[in-house]
Amino acid sequence: MKIDTYINLIEKELLPQIHLSTNSPFDPIIVNNRSKSWITIGSGNYAGVFSHDSHPERVVKVYGRSPEELKKEVEVYKTLGNHGSYSTLIEYGETYLVLKKLKGVTLFDAVVNGIQIPRSVIEDIDQGLEYARSVGLNPYDVHGKNVVMFEGRGYIVDVSDFYKEGYCRKWDDLKKAYNKIYKPFLYKYHPAIPFFLVDLIRKGYRLYRRLKK
């Protein structure tokens, strides 16, 4: 499918059929998708992500708040260029990005579902973040919900905050938890851990960091 036809599907069949809202600035976007042809595959702090069967190798990221951030994310992708740790920007509109789809399961979902996270995934993410620094970006807000693994390799799926300044310790803290808790106690037999418990830890960590500031 040509990109013009795909853009037409986005603007005529996707955007009019979705409503994006939020209960809190610290919680992900809530997606109400009434489209019969577009599938919701996820949501983050700023946007919902959708796919269409006609082009399964692409995803559309639609901003639900802070649309001015979209232009900054476009510049981040342009700076990253074509690198194996990241998606690739294909096209963009006023409220959406068209990106190459990255296959895999988030590290958050891997913990919930009892899927082993090999050290190679952590190392791949480290290498991808180091590359981002080498081209003048600042990896920010990297955590278990916006990195994925597929066939033992690690990928970064959300770069929307890489333009920000300052030090974000989320990835470093996740690595500490991986090395001190996950690898010695959970990795070998890795039980599934209830979603509510993992999400409670996530929210508790975010609250702790806000209070520390």
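This text follows the structure it describes.
Described below are features of the structure shown in this document. These figures come from a predicted structure and were not determined experimentally. Think of each chain on its own: its residues are numbered from 1, step by step along the sequence as written. Thresholds applied to this predicted model are a pLDDT of at least 70 for local features of residues and 80 or more for the giving and counting of side-chain atom pairs; totals over whole chains, interfaces and linings are not thresholded and use all residues. Side-chain descriptors were evaluated using all non-hydrogen atoms of the structure, hydrogens and water having been removed beforehand.

**Concerning the nonpolar core**
Generally speaking, nonpolar side chains in soluble globular proteins are found buried as a group. Applied cut-off: Put simply, a nonpolar core is a bunch of buried Ala, Val, Leu, Ile, Met, Phe, Trp, Tyr and Cys residues held in one set by side-chain atoms that sit within 4.5 Å of each other. The buried label applies to any residue whose accessible area, calculated with a 1.4 Å probe on protein chains only, is under 20% of its type's maximum; exposed applies above 50%, and partly exposed to all values in between. In this text, helices come from DSSP runs of H or I with a minimum length of four residues, and strands from runs of E with a minimum of two, each type numbered from the N-terminal end. The contact definition used throughout considers only heavy atoms, calling two residues in contact when any of these lie within 4.5 Å.
Core analysis: the biggest nonpolar cluster contains 37 residues, and Ile117 and Phe162 have the highest contact counts within it. Broken down by secondary-structure element, the contributors of at least two residues to this core are β4 (47-52), β5 (58-63), α2 (68-80), β7 (96-100), α3 (107-113), α4 (119-134), β9 (147-150) and α5 (170-186). With residues near it in sequence (within four places) discarded, isoleucine 117 still touches Leu107, Ala110, Val111, Ile122, Met149, Tyr178, Tyr182 and Tyr187. Of all hydrophobic cores here, the second largest spans 14 residues; its members include Leu9, Leu20, Phe50 and Val62.

**Quick notes on the packing of aromatic side chains**
Using the following cut-off: Geometry of aromatic contacts follows a simple scheme: Phe, Tyr and Trp rings, the Trp one being its six-membered ring, pair when their centres are within 6.5 Å, and the pair is stacked under 30 degrees between planes, edge-to-face over 60, tilted otherwise. Whether a charge sits over a ring comes down to the Lys NZ or Arg CZ being within 6 Å of the ring centre and within 35 degrees of the ring normal.
Inspection of the entire model under this criterion finds 6 aromatic pairs. A centroid spacing of 6.1 Å and a plane angle of 15° characterise the contact between tyrosine 46 and tyrosine 63, whose relative ring orientation is stacked. One end of the pair, tyrosine 46, is in the loop between β3 (38-43) and β4; the other, tyrosine 63, is in strand β5, and 17 residues separate them in sequence. Each member of the pair tyrosine 46 and tyrosine 63 is classed as buried. Between tyrosine 182 and tyrosine 187 the ring centres are 6.2 Å apart and the planes differ by 65°, which places this aromatic pair in the edge-to-face class. By way of ring pairs, the aromatic residues Tyr178, Tyr182 and Tyr187 are connected into one cluster. Over the ring of tyrosine 6 we find arginine 58; its NZ or CZ atom is 5.0 Å from the centre of that ring. Sitting over the face of the ring of phenylalanine 108, lysine 145 holds its NZ or CZ atom 4.6 Å from the ring centroid.

**Here we look at the sheet that holds strand β8 (residues 105-106)**
Which entries qualify depends on this criterion: Strands are labelled as partners when DSSP assigns at least two bridges between them.
Strand order in this open sheet of 3 strands is β8-β9-β10, and the pairing throughout is antiparallel. Strands at the two margins of the open sheet, each flanked by one partner only, are β8 and β10 (153-156). As defined by bridge partners, β8 adjoins β9 across 2 bridges and the pair is classed as antiparallel. Within β9, the position partnered with threonine 106 by the bridge is valine 148.

**A short note on unusual backbone geometry**
Most peptide bonds take the trans form, and the phi angle of most residues other than glycine is negative. Positive phi outside glycine occurs at glutamate 151, with the angle close to 50°. Its place among the elements puts glutamate 151 in the loop between β9 and β10. Residue class for glutamate 151 comes out exposed when judged on its relative accessible area of 70%. One non-glycine residue, histidine 190, lies in positive phi territory at about 25°.

**Some details on helix α1 (residues 3-14)**
To keep things clear, this is the line we draw: The directions considered for the arc run from the helix axis to the C-beta atoms.
Residues of α1 that are buried: Tyr6, Ile7, Leu9, Ile10 and Leu14. Along the long axis of α1, the arc covered by the buried residues comes to 155°, so they all point the same way. Those residues of α1 that are exposed and aimed more than 90 degrees away from the buried face are Asp4 and Lys12. Against the buried residues of α1 lie β1 (18-21), β3, β4, β5, β6 (89-92) and β7.

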